[in-house]
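This is what each chain is made of:
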Amino acid sequence: GGADDDEYGGEPMFSLDKVEFRPTSSIVHMAVCNNVVVLALANCHVFRLHLDGGTEAEDIEVSRRPDDRIHKLHLDPSGKHLIISLASQENLYLHASWGKPKILPKLRGILVESVAWDAANTSPTCTQEILIGTANGKIYETLIEATDKGFVDRLVGGKEQYFKQVYRLPTSAAIVGLRAYRFPVKLKSQQRLFVVATTAQRLYQFIGGPTFEELFKYYTETLPSFMEVMGRIETSELTVYSKYHSLPKCFAWITAAGVYHGDLMFGSQGPTQSVVSDPSCMPYPPPSSAD
């Protein structure tokens, strides 16, 4: 519970259920999508749980090096594709059907802070085109295939190498939030993309296409529109609300000033316009004074 039941038709807005699980080490990060929960543990293991109860919880070793630690987990909307980012700037990929992650050599030396997955992707073995946001303000485009040949060809060193930088923010701040969506269109030739990228202080919007490369090419000479908040915060995050395989309706962005939130309206916007509608900032409650 936690909300007024009458306001929501007698149903509580939130519910709390116990999960029968005892981690073998402290939890350092967590991601949940499509009834799949992945937990990063301090001992550099990942626990994968299925909330539908279909399979047993899996304990997956990521690294045996004693100084390695998991920085972040990035799970796609289907719960099938997982990128594991280590503090050592090593990155690994784990598919839902695998019991062991594989190193992503093309991403070596990059601290991955955020991933924009293809929200409309229906392939169980391929991520389709995705964007990688880094700790120094760079955005890369790549694609990961869970088949052995596809994985090697695209991200290890075959003929179809596919990993390229498509943009760098005007500042070198960490991209802590990154999302990408397609505008609804009748013809594929009219396809346009919307990308939102957040740092601790700025929210950037990019509109264009039909490819990521074409979208970001426009902004090499034109600054993207952005909103800025003052103050510093150690942990910032971007969250969007959308149903599975649907466009998002609203967003929330954690900033030093409070939780900045608003609606997302997909229409006929151009590169210099905004998808964000009715934005406002909900301030944090004042700290309670000690008795």
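Definitions and cut-offs
- Per-chain numbering applies: the sequence of each chain, read as written, is numbered from 1 onward.
- Totals for whole chains, interfaces and linings use every residue, but because this is a predicted model, local features are given only for residues with pLDDT of at least 70 and side-chain atom pairs only at 80 or more, for both listing and counting.
- Remark: hydrogens and water are excluded; side-chain values derive from all non-hydrogen atoms of the structure.
- Only strands that DSSP links by at least two bridges are regarded as paired with each other.
- Strands are runs of DSSP state E lasting at least two residues, helices are runs of H or I lasting at least four, and both sets are numbered from the N terminus onward.
- In this description, a line fitted to the C-alpha atoms serves as the axis of each element, helices being fitted only across the stretch in contact, and the angle between N-to-C directions of two axes falls anywhere from 0 to 180 degrees.
- Note on classification: 1.4 Å probe, protein chains only; a residue is buried when its accessible area is under 20% of the maximum for its type, exposed when over 50%, partly exposed between these limits.
- Across the chain, each position has a pLDDT score giving the predictor's confidence in that residue, from 0 to 100.
- The contact rule is simple, with two residues in contact once any of their heavy atoms fall within 4.5 Å.
- We count a salt bridge whenever a side-chain nitrogen from Lys or Arg sits within 4 Å of a carboxyl oxygen from Asp or Glu.
- Note on ring pairs: Phe, Tyr and Trp rings are taken, using the six-membered ring of Trp, and paired if centres are within 6.5 Å. Classes follow the plane angle, with under 30 degrees stacked, over 60 edge-to-face and the rest tilted.
- The patches described consist of residues with a relative accessible area above 30% and no salt bridge, like charges being joined within 9 Å and nonpolar side chains (Val, Leu, Ile, Met, Phe, Trp, Tyr) within 5 Å.
- All accessible-area figures derive from a Shrake-Rupley calculation using a 1.4 Å probe, and residue coverage is judged against the displayed protein chains alone.
- Here a polar contact is recorded for every N or O atom pair within 3.5 Å, except that within protein the pair must consist of a potential hydrogen donor and a potential acceptor, and residues adjacent in sequence are included only if both atoms are side-chain atoms.

Before going further, it helps to spend a moment on the sheet that holds strand S13 (residues 177-182). An order of S13-S14-S15-S16 is seen for the four strands of this open sheet, with the pairing classed as antiparallel. Strand pairing shows two members of the sheet lacking a second neighbour, S13 and strand S16 (225-228), which therefore form its edges. Between one strand axis and the next, the sheet turns by 15° as a mean value, whatever way the strands run.

On to the pairing of strand S15 (residues 202-208). With seven of its seven residues buried, S15 lies for the most part within the structure. Residues Arg 202, Tyr 204, Phe 206 and Gly 208 line one face of S15 and the alternating positions Leu 203, Gln 205 and Ile 207 line the opposite face, and both faces are buried. Two elements, strand S14 (residues 193-198) and S15, share six bridges in a ladder whose sense is antiparallel. Note on S15: the bridge partner recorded for Leu 193 is Gly 208. Where S14 folds back onto S15 in an antiparallel hairpin, the turn is made up of three residues. Judged from the four bridges that link them, S15 and S16 form a sheet pairing that is antiparallel. Paired with Gln 205 across the bridge in S16 is Ser 225.

Moving on to the confidence of the model for the protein chain. A residue-level look at the protein chain finds 89% of positions with pLDDT of 70 or above and a mean pLDDT of 88. Under a pLDDT of 50 for its full length, residues 1-8 has, in the predicted model, nine contacts with residues more than four places off or in other chains.

Bringing the pattern of salt bridges into the picture now. Here the structure, examined in full by the defined rule, presents eight salt bridges. Note that Glu 61 is salt-bridged to Arg 64, the shortest N-O span being 2.8 Å. The salt bridge partner of Glu 90 is Arg 108, with a shortest N-O separation of 2.9 Å. Of the two residues, Glu 90 sits in the loop between strand S6 (81-86) and strand S7 (91-95) while Arg 108 sits in the loop between strand S8 (102-103) and strand S9 (112-116), which places them 18 residues apart along the sequence. You can call Arg 108 partly exposed: its relative accessible area is 48%.

The strand order S9-S10-S11-S12 describes an open sheet built from four strands, whose pairing is antiparallel. Lying at the two open borders of the sheet, with one neighbouring strand each, are S9 and strand S12 (163-168). Across the sheet, the mean angle from the axis of one strand to that of its neighbour is 30°, orientation sign disregarded. Two strands pair when backbone bridges link them, and strand S10 (residues 130-134) and strand S11 (residues 138-142) are joined in this way by four bridges, in the antiparallel orientation. Across the sheet, Gly 133 pairs through a bridge with Ile 139, a residue of S11.

In this chain, Gly 209 is followed by Pro 210 through a cis amide linkage whose omega measures 10°. By the element assignment, Pro 210 lies in the loop between S15 and helix H2 (212-218). The backbone phi angle of Asn 34 is positive, close to 55°, even though this residue is not glycine. Along the polypeptide, Asn 34 turns up in the loop between strand S1 (27-33) and strand S2 (36-41).

With that settled, consider the packing of aromatic side chains. Enumeration according to the criterion identifies 14 aromatic pairs in this entry. With 5.4 Å between their ring centres and 25° between their planes, Tyr 167 and Phe 216 make a pair best called stacked. With a gap of 49 residues between them, Tyr 167 in strand S12 and Phe 216 in helix H2 connect regions that are remote in the sequence. Each member of the pair Tyr 167 and Phe 216 is classed as buried. Here Phe 194 and Phe 266 contribute two aromatic rings whose centre-to-centre distance is 5.7 Å and whose plane-to-plane angle is 85°, an arrangement assigned as edge-to-face. Note that Phe 194 is positioned in strand S14 and Phe 266 in the loop between strand S19 (259-264) and strand S20 (276-282), a separation of 72 residues in sequence. Like Phe 266, Phe 194 is buried. Taken together through their ring pairs, the aromatic side chains of Tyr 167, Tyr 204, Phe 206, Phe 216, Tyr 218, Tyr 219 and Phe 226 make up a single cluster.

Turning to a nonpolar patch on the surface, a few remarks are in order. A cluster of nonpolar side chains, namely Ile 27, Met 30, Val 32 and Leu 51, defines an oily patch on the protein surface of about 360 Å² accessible area. Note on placement: Leu 51 falls in the loop between strand S3 (45-50) and strand S4 (58-61). Given a relative accessible area of 45%, Leu 51 falls into the partly exposed group.

Turning next to the side chain of Ser 236. Locating Ser 236 in the fold gives a position in the loop between S16 and strand S17 (237-241). A distance of 3.4 Å separates the side chain of Ser 236 from the side chain of Trp 253, its partner in a polar contact. Within the local environment of Ser 236, its side chain forms a polar contact with the backbone oxygen of Ile 254, the two atoms lying 2.7 Å apart.

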